[in-house]
Amino acid sequence: MIVKTRTEEYSYIGLQLLNRRLHESHEMKELIHSKMHMALAGIHGEVRVDGVFSKYSFPFEYVVLHDVSLESYGKFQIDTVFFTQYFAVILESKNIGGKLSFKQNPSQLERENEEGKVDVFESPEVQIERNIFLLDEWLKQHGVTIPVFGVIVLTNSKVRVIEPPTKYNAILHQTIPIYLRNIPRERRYISRKELHKLSTEILKSHKTYFPYPMCNRWGINPNDLQTGVCCEKCEMFGMVKRKNGWNCIRCGHVDRLVHEKAIREWFVLIGDTINNRQCRKFLHINSHHVASRLLQSMDLIRTGTSQSKIEYKWKW
């Protein structure tokens, strides 16, 4: 039974917005653009894993939780975790094509593409080992002792493993049901009631991870970003605020509420709070009154009393 589906991919959204506001000549543009496409590939891979669990069931009691963020000795995020009365399995999905080599000493993943270019990634084995340790500690803190296993799930159809991992199995996403059914079920560590109580406790403890503000995360100066309100029709920055709404001087498109998207981008990219002066500078408006009205019209958290100290926060 699937008890938790995936939430919106906030990292990908942030990378999209960051990529759009970075100038083409910026030194981080190529890296951010690449990370954005990698994040999108990861989403596609996770969708394939989700599809497997939505199509298949198992001849024993189980729960499936996708995109779980918990905290024990540190914060950790799990792509998919499969719980039974007998064991738990962390499934780390990787949508990487080409020839894969799982290297040791140091642990890293090398991918050779069709052109012969070699890229190096963090080892999925290291990710799984870290998550197994943290999940095991989280379970113990909640009075649960159960074996925790891990498996690397390859979701790209154009993948070929040259050097397999040594500590954990690597399987294709289509074989997930076979792999899980073949894990020995020799001892029940928790009852059926405890299994469902555990899934409820995980849902309560789950905290959605927001990787914002993106500039801080990637070490980018906010002053390097293009400012202004972006036209959703022609994608030009610098729409002008008039009585009938925001007007694009390039294509003539008019939008009354597009400033809300721009202000949300501020919180995603630049800071946890915004004040009137920052709003005017970011949206390219001169009127203190207009900026105040726009901020107050949105469902934001207002702090401060005097005009000079009023700030607004986004309700994540």
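Residues numbered from 1 in each chain as written. Predicted model: local features only at pLDDT ≥ 70, side-chain atom pairs only at ≥ 80, totals over all residues. Heavy atoms only, no water.

For the rest of this paragraph, the subject is the overall build of the protein. Broken down by element type, the protein carries nine helices and 16 strands. Counting only C-alpha atoms and orienting by the principal axes, one finds that the protein spans roughly 70 × 50 × 35 Å. Expressed as a percentage of its 316 residues, the buried residues of the protein come to 47%. Taken as a whole, the protein presents about 17,100 Å² of accessible surface, with 48% of it coming from carbon and sulfur. Taken together, the 45 basic and 35 acidic charged side chains of the protein have centroids lying 7 Å from each other. (Helix = DSSP H or I, 4+ residues; strand = E, 2+ residues; numbered from the N terminus. Buried < 20%, exposed > 50% of the residue type's maximum accessible area, 1.4 Å probe, protein only. Areas by Shrake-Rupley, 256 points an atom, 1.4 Å probe, with all protein chains shown as cover. Lys, Arg positive; Asp, Glu negative; His and termini not counted. Charge placed at Lys NZ, Arg CZ, Asp CG, Glu CD.)

Here strand β6 (residues 108-112) shows a buried face lined by L109 and R111 and an unburied face lined by Q108, E110 and E112. Of the strand pairs in this sheet, strand β5 (residues 98-103) and β6 are connected by five bridges, and their pairing is antiparallel. The residue of β6 that forms the bridge with K99 is E112. Connecting the antiparallel pair β5 and β6 is a turn made up of four residues, with N105 showing a positive phi of about 50 degrees. Looking at chain direction, β6 and strand β7 (residues 118-122) are connected through five bridges and run antiparallel. In the sheet register, E110 faces β7, and the bridge partner there is V120. Hairpin connection between β6 and β7: a loop of five residues separates the two successive antiparallel strands, and G116 in this loop has a positive phi of roughly 90 degrees. (Pairing = 2+ DSSP bridges.)

By size, the foremost hydrophobic cluster in this structure holds 44 residues, and its most contacted members are L18, W246, L269 and L283. Mapped onto this core, the elements with two or more residues apiece are α1 (10-21), α2 (29-55), α6 (214-218), α7 (258-269), α8 (276-283) and α9 (288-297). Non-local contacts of L283, meaning those with residues more than four positions away in its chain, are made with G228, V229, W246, H259, A262, I263 and L294. L65, L135, V148 and I152 belong to the second-largest nonpolar core, a separate cluster that totals 32 residues. (Core = buried A, V, L, I, M, F, W, Y, C linked by side-chain atoms within 4.5 Å. Contact = heavy atoms within 4.5 Å.)

The next thing to look at is the packing of α8 against α9. Where α8 meets α9, the closest approach of the two axes is 9 Å, and the angle between their N-to-C directions is 100 degrees. Taken together, the axes of α8 and α9 are roughly perpendicular relative to one another. Every residue of α9 that contacts α8 at N276, C279, R280 and L283 is listed here: H288, A291, S292, L294 and L295. In terms of residue class, the contact of α8 with α9 is built from five nonpolar, three polar and one charged. (Axes fitted to C-alpha atoms, helices over the stretch in contact; angles between N-to-C directions. Parallel < 35°, antiparallel > 145°, perpendicular 65-115°, else oblique. Nonpolar A, V, L, I, M, F, W, Y, C, P; charged D, E, K, R; others polar.)

As summarised here, the arrangement of the three strands in space is β14-β16-β15, forming an open sheet in which the pairing is antiparallel. Here the strands that pair on one side only, and so sit at the sheet edges, are β14 (273-274) and β15 (301-303). Alignment of β14 against strand β16 (residues 311-313), held across two bridges, turns out to be antiparallel. Directly across from T273, in β16, lies its bridge partner K313.

Right, let's talk about the side chain of N95 for a bit. For N95, the location among the structural elements is in the loop between β4 (88-94) and β5. A distance of 3.2 Å separates a polar atom in the side chain of N95 from a polar atom in the side chain of N156. Apart from the residues lying within four places of it in its own chain, the contact partners of N95 are A41, H44, G45, R48, T155 and N156. (Polar contact = N/O pair within 3.5 Å; in protein donor to acceptor, adjacent residues only side chain to side chain.)

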